[in-house]
Amino acid sequence: ITVSIEPHLPAKIGQKVKENARPDLEFQGIHRNLFVEVSLTTATAKSYVQQAAKTAGYAAEQREKVKVAKYKDHAAQINVELLPFVMERHGRMGKSCEKVFLRLAQMANDVGLEFNTGYFEKIVASIACQRANGKLVEHVLRRRSSAKA
């Protein structure tokens, strides 16, 4: 399995595609490649908070729809599977995260690697989410301190 970060779609499709059209990740497997669109979202954002208070995972679900809509036609043109990987900043994973874990396990098994999905992958994803939250806080604090200077 090989991974490309932000593969260049115009080069792959050979048609008129926005020059900046780049899915986040492409996993190249034996049978079929996989685009993964990664995103962090916040359930307490103004656009989500009312519905997120009523429906667990609402913010992630909405962002998954946006991510799929962005690249579904391009992925279909070149027969690449497309899955969003969306987490809410408070730790909830979108429904497609599990599908990404399962698909990567299948791709690993296709090349003879044992890869069972489960608890470990969720911990790694959760840690990555918290690191991203930390980076966001650092960024905001730096902007505030430079604005005061």
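Look up a bit, the structure's there.
These figures come from a predicted structure and were not determined experimentally.

Caption draft 1: Geometry of the nonpolar core. In this structure, Phe27, Leu34, Val36, Leu83, Phe85, Met87, Cys97, Val100, Phe101, Leu104, Met107 and Ala125 together form the largest nonpolar core, which totals 12 residues. When residues of this core are traced back to their parent elements, those giving at least two are strand E3 (34-41), strand E4 (81-88) and helix H4 (95-110). When residues in this core are grouped by element, the largest group, five residues, is from H4. Those residues in contact with Met107 that lie beyond four places of it in its chain are Ile1, Phe27, Gln28, Gly29, Arg32 and Leu34.

Caption draft 2: Looking closely at the pattern of salt bridges. In this structure the tally under the stated criterion is four salt bridges. Measuring nitrogen to oxygen at the nearest pair gives 3.9 Å for the salt bridge that ties Lys67 to Asp24. Placement of the pair is Lys67 in helix H3 (residues 58-77) and Asp24 in the loop between helix H1 (9-13) and strand E2 (25-28), with a sequence separation of 43 residues. We note that Lys67, like Asp24, is buried. Bridged by salt links that share partners, the residues Asp24, Glu37 and Lys67 form one connected network.

Caption draft 3: Quick peek at the packing of aromatic side chains. Throughout the structure, instances matching the rule amount to two aromatic pairs. Note on Tyr48 and Tyr58: the rings are 6.2 Å apart at their centroids and 75° apart in plane angle, and the pair reads as edge-to-face. Of this pair, Tyr48 sits in the loop between E3 and helix H2 (49-52) while Tyr58 sits in helix H3; the two residues are 10 residues apart in sequence, bridging distant segments of the chain. Neither residue differs from the other here; Tyr48 and Tyr58 are each classed as buried.

Caption draft 4: Seen up close, the sheet that holds strand E1 (residues 2-5). Spatially, four strands are ordered E1-E2-E3-E4 in an open sheet, and the strand pairing comes out mixed. Unpaired on one side and paired on the other, E1 and E4 mark the two borders of the sheet. Strand after strand, the sheet turns through a mean of 25° between neighbouring axes, direction not considered. Relative to E3, E2 is paired through three bridges, and the arrangement is antiparallel. Looking at the pairing, Phe27 lines up with Leu34 of E3. Most of the contacts of H3 go to E4, to which it runs at about 155°, and overall it touches E3 and E4. Its contacts with the sheet put H4 on E2, E3 and E4, and the angle it makes with E4 is roughly 130°.

Analysis parameters
Residues numbered from 1 in each chain as written. Predicted model: local features only at pLDDT ≥ 70, side-chain atom pairs only at ≥ 80, totals over all residues. Heavy atoms only, no water. Core = buried A, V, L, I, M, F, W, Y, C linked by side-chain atoms within 4.5 Å. Buried < 20%, exposed > 50% of the residue type's maximum accessible area, 1.4 Å probe, protein only. Helix = DSSP H or I, 4+ residues; strand = E, 2+ residues; numbered from the N terminus. Contact = heavy atoms within 4.5 Å. Salt bridge = Lys/Arg side-chain N within 4 Å of Asp/Glu carboxyl O. Phe/Tyr/Trp six-rings, centres within 6.5 Å; stacked < 30°, edge-to-face > 60°. Pairing = 2+ DSSP bridges. Axes fitted to C-alpha atoms, helices over the stretch in contact; angles between N-to-C directions.

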